[in-house]
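Chains, contacts and geometry: an overview
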Amino acid sequence: MKIVKQNNRLVTPDKVTIPFIEGDGIGKEITPVCRAAVDVAVGKAYGGSRSICWREVLAGEKAFCATGSWLPDETVEAFRAYVVGLKGPLTTPVGEGIRSLNVALRQALDLYVCLRPVRWISGLPSPVKAPYKVNMVIFRENTEDIYAGIEWQQGTPEANKFLKFLTEEMGVTGIRFPETSAFGVKPVSVEGTERLVRAAIEYALANRLPSVTLVHKGNIMKYTEGGFKRWGYELAQREYAKELAEGKFFIQDVIADAFLQNTLLTPEKYSVVATLNLNGDYISDQLAAMVGGVGIAPGANICYESGHAIFEATHGTAPDIAGKNMANPSSLFLSSAMLLKYIGWTEAANLMVAAMDKLLAGGKATYDIARFMPNGETLGTVEFGEHLVNLIAGES
Ligand code: NAD
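This write-up is about the structure you can find in this document. (Residues numbered from 1 in each chain as written. Predicted model: local features only at pLDDT ≥ 70, side-chain atom pairs only at ≥ 80, totals over all residues. Heavy atoms only, no water.)

Attention now goes to the packing of helix H12 (residues 346-361) against helix H14 (residues 381-393). Each pair of packed helices gets described by two things: the angle between the helix axes and the distance between those axes. Remark: H12 packs on H14, axes separated minimally by 9 Å, with the N-to-C direction vectors making an angle of 120°. In terms of their interaxial angle, H12 and H14 are classed as oblique. Relative to H14, H12 is oriented so that their crossing is right-handed. Along the contact surface, H12 presents Leu351, Met352, Ala355, Met356, Lys358, Leu359 and Leu360, while H14 presents Phe384, His387, Leu388, Leu391 and Ile392. (Axes fitted to C-alpha atoms, helices over the stretch in contact; angles between N-to-C directions. Helix = DSSP H or I, 4+ residues; strand = E, 2+ residues; numbered from the N terminus. Parallel < 35°, antiparallel > 145°, perpendicular 65-115°, else oblique. Left-handed = near helix turned anticlockwise from the far one by under 90°. Contact = heavy atoms within 4.5 Å.)

Below you can see the structure in the form of structure tokens.
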């Protein structure tokens, strides 16, 4: 029943258990839609020879109400044991010990790649003139950078101690307002960079994509972001010299601000993108906005060495529309299709993606998208899900 990693590849049993977190807010509405669609796609693709046994695990508000913990140990252990899982959006606890449940899960399983494919689907409203030129896969580093959470609040003894260390021991003179500064530390390592860039190159090769672009701000942050660029190039030359020489892919780099501009002007120049944590945050959301917004952008957090992966809705819990049958399940739906592809059930994944393409091309969508479509027809979450299931089953 469990997926295992053998000889560097995932082995998926025909009857596989997949743990899932339903999610808070609209999670209760979108997660059932996605699970039902996956079941129909798997049934249609494999005629009953393969199936998923869904196992619910708790996190977020639902976990807190049931157990008093926002992220029970059993949940982390289930994702560890079953290797691959699905996650709806979670409320971020305010004033609790955990900064973010998503970050806690990523850290517990060392999910160092945040994977975000960005592709325009015909029919989707877009603020840019040629959204069909956008077809990228972002590899955002997930464990380092300014996100490591090493920072000290202004005016605290810790901030003062750090200031003293910087000025007295490290000879730092460039802090403009030392007495009123807060401080943060930005760790970027050789290992962290190399495993991220290696994963991006492997993805490009496996999917026959033409290029890997390193996006960084190394012109200003020379040792951290500049290191990312240098170590990325060195890794490519050292481990992929043959593939580079044979023209199987090429590697380039772009400074982050220019990259954001270029994605608007010449998005067709980019394919696989490897970048640091904070850059990746901005880039993922800009690109998502160019092809239909956060309601539709899928994503996953992955550790390629162990195989651990959590496929997720990239948006939040949308409390403003929760319980109103208005939520767009597309992000989690497409992430579920990514999950199926990741475990090797590509035929079922393709059925799901084809159904989504067809439904949107026909102008049917949830309110967040339909209102911007010329002649768009608004469907509720449940009805949108029913149309998807019918298309997957080949009944419409
Ligand atoms: P949000 O993504 O929940 O909502 C932002 C806007 O987008 C809202 O107007 C919402 O209605 C809309 N929206 C989001 N998803 C949608 C969907 N699927 N269909 C239609 N409309 C959608 O962001 P927020 O309001 O800043 O955060 C709400 C809660 O979610 C907070 O507790 C936040 O911490 C949490 N959050 C969780 C995640 C996650 O679990 N990955 C990500 C972001 C925010």
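Here the narrative resumes, following the displayed structure.
A separate point is the environment of glutamate 243. Mapped onto the fold, glutamate 243 is located in helix H8 (residues 241-245). In this structure the C-alpha to C-alpha distance between glutamate 243 and threonine 381, which are 138 residues apart in sequence, comes to 45 Å. In this view, glutamate 243 contacts Leu205, Lys248 and Phe249; residues no more than four positions away in its chain are not counted.

By nearness alone, 18 residues border the ligand, and Thr92, Gly316, Ala318, Asp320 and Asn328 come closest of all. Residue leucine 90 places a main-chain N or O atom 3.0 Å away from an oxygen atom belonging to the ligand. Between the ligand and the protein, one listed contact pairs an oxygen atom with a backbone N or O atom of alanine 318 at 2.7 Å. Residue composition of the shell around the ligand, by class: eight nonpolar, seven polar and three charged. (Near = heavy atom within 4 Å. Polar contact = N/O pair within 3.5 Å; in protein donor to acceptor, adjacent residues only side chain to side chain. Nonpolar A, V, L, I, M, F, W, Y, C, P; charged D, E, K, R; others polar.)

The next thing to look at is the pattern of salt bridges. Counted according to the given criterion, the structure contains 20 salt bridges. Among the ionic pairs, lysine 364 bridges to glutamate 377, the shortest N-O distance being 3.8 Å. You can see lysine 364 sitting in strand S15 (residues 364-365) and its partner glutamate 377 sitting in strand S16 (residues 377-378), a full 13 residues away along the chain. For lysine 364, a relative accessible area of 23% corresponds to the partly exposed category. For glutamate 377, a relative accessible area of 38% gives the class partly exposed. In this structure, a network of salt bridges that share partners links the residues Glu194, Arg198, Arg238 and Glu239. (Salt bridge = Lys/Arg side-chain N within 4 Å of Asp/Glu carboxyl O. Buried < 20%, exposed > 50% of the residue type's maximum accessible area, 1.4 Å probe, protein only.)

As a further point, take helix H4 (residues 101-108). Residues of H4 that are buried include every one of Leu101, Asn102, Leu105 and Arg106, and no others. Buried residues of H4, seen end-on, are gathered within an arc of 135° and therefore sit on one face of the element. Elements in contact with the buried residues of H4: strand S3 (15-21), helix H2 (60-67), helix H3 (73-82), strand S5 (84-87), strand S13 (298-302) and strand S14 (309-313). Backbone nitrogen of asparagine 102 and a side-chain oxygen of the N-cap are separated by 3.2 Å at the start of H4; the cap is serine 100. Positive phi appears at aspartate 110, one or two residues downstream of H4, with a value of about 50°. (Arc of directions from axis to C-beta.)

Checked against the element boundaries, asparagine 301 lands in strand S13. Among the polar contacts made by the side chain of asparagine 301, one reaches the side chain of arginine 106 at a distance of 3.4 Å. For asparagine 301, the side chain forms a polar contact with the side chain of glutamate 312, separated by 3.3 Å. Not counting residues within four places of it along the chain, the set of residues in contact with asparagine 301 comprises Arg106, Leu111, Val113, Cys114, Asn142, His308, Ala309, Ile310 and Glu312.

With mixed pairing, the 10 strands of this open sheet are ordered in space as S4-S3-S5-S14-S13-S6-S7-S12-S10-S11. Since the sheet does not close on itself, it has two edges, and those belong to strand S4 (51-56) and strand S11 (250-255), each with one partner. Geometrically, the sheet is characterised by an average inter-axis angle of 25° between neighbouring strands, direction not taken into account. For S3 and S5, the ladder comprises two bridges, and the chain directions are parallel. Its bridge partner lying in S5, isoleucine 21 is registered against lysine 87. This element, H3, spans S3, S4, S5 and S14 of the sheet and lies at about 150° to S3. (Pairing = 2+ DSSP bridges.)

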